[in-house]
Amino acid sequence: AGSGMVPSTFTAYVSSTVVNPTGDGTAYTVIFDSTLNNTGNYNTGTGLFTAPATGMYHFDTTICFSPIQSTSTVVVIQFQGSTTSVRTLQLQGPTTALVQGTTCYSGGITIPMTMGDTMSVLVNVGGIAKDVSIFGSGSPAGASTVFSGYRVA
């Protein structure tokens, strides 16, 4: 804080499983409805982080799907910003690397933001029925689907 930077950090997680928001190609903005910390501007109702000041920000996410089937044709995890969109992960299939059960994927980005810009996490699983859930955990210690960010400079 001695540098004059506006402090901004958050860690948010999905507290309970979101049942079947994707699987058929539907894009879904993940709502991380609980926070471990939030000195930034993360909104647990909308899933949006809003930059409190212009600067460089770093974001990480881990998304756990349950189940991901080997017949899925695409799995996309995307950082969706108000001014830019960055795909951090895209798997095209079908592939036997995707298995039934809970499967987690992680990614991160560092990106310039202007005060008021927003960032969220969007997921899209395609090629099967709309029966892919986002795994959530009621305990912060066991949180597996998470979104975090902080101002770098």
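Going by the structure above, here's the rest.
Summarised in this report is the structure supplied together with it.

Procedures and definitions
- Residues numbered from 1 in each chain as written.
- Predicted model: local features only at pLDDT ≥ 70, side-chain atom pairs only at ≥ 80, totals over all residues.
- Heavy atoms only, no water.
- Helix = DSSP H or I, 4+ residues; strand = E, 2+ residues; numbered from the N terminus.
- Contact = heavy atoms within 4.5 Å.
- Pairing = 2+ DSSP bridges.
- Disulfide = S-S within 2.5 Å.
- Buried < 20%, exposed > 50% of the residue type's maximum accessible area, 1.4 Å probe, protein only.

## As for the side chain of Ser-144
Then, number 1: Position of Ser-144 relative to the elements: it lies in the loop between β12 (132–134) and β13 (146–151).
Then, number 2: Not counting the four nearest positions on each side in its chain, Ser-144 is found in contact with Thr-62, Cys-64 and Phe-135.

## Comments concerning the pairing of β13
Then, number 1: As paired elements, strand β1 (residues 9–13) and β13 share five bridges and run antiparallel to each other. The partner of Thr-11 across the bridge, within β13, is Ser-148.
Then, number 2: One ladder, built from six bridges, connects strand β7 (residues 55–66) with β13; its direction is antiparallel. Note that in β13 the partner of Thr-61 across the bridge is Phe-147.

## Examining the environment of Thr-88
Then, number 1: Examined against the element boundaries, Thr-88 turns out to sit in strand β9 (residues 85–92).
Then, number 2: Through-space distance from the C-alpha of Thr-88 to that of Ile-109 is 7.5 Å; in sequence the pair is 21 residues apart.
Then, number 3: Leave out the neighbours within four places in its chain, and Thr-88 touches Ile-77, Gln-78, Phe-79, Gly-107 and Gly-108.

## With respect to the pairing of β1
Then, number 1: Pairing between β1 and strand β4 (residues 34–38): four bridges, direction antiparallel. Looking at the pairing, Thr-11 lines up with Asn-37 of β4.

## Concerning the state of the cysteines
Then, number 1: In total, this model carries one disulfide according to the counting rule given.
Then, number 2: The disulfide partner of Cys-64 is Cys-104, and the gap between their sulfur atoms is 2.0 Å. Taking the sign of the S-S torsion, about 105° here, the bridge from Cys-64 to Cys-104 comes out right-handed. Separated by 40 residues along the polypeptide, Cys-64 in strand β7 and Cys-104 in strand β10 (residues 103–113) bring together distant segments of the chain.
Then, number 3: The buried category is assigned to Cys-64, whose relative accessible area is 1%.

## Topic: the environment of Pro-7
Then, number 1: By the secondary structure assignment, Pro-7 is in the segment before β1.
Then, number 2: For Pro-7, a relative accessible area of 56% translates into the label exposed.
Then, number 3: With 144 residues separating them in the primary sequence, Pro-7 and Arg-151 have C-alpha atoms 7.1 Å apart.

## Considering unusual backbone geometry
Then, number 1: For Asn-20, which is not glycine, the phi dihedral falls at a positive 55°.
Then, number 2: Counting through the fold element by element, Asn-20 comes out in strand β2 (residues 18–22).
Then, number 3: On the accessibility criterion, Asn-20 (28% relative accessible area) is partly exposed.

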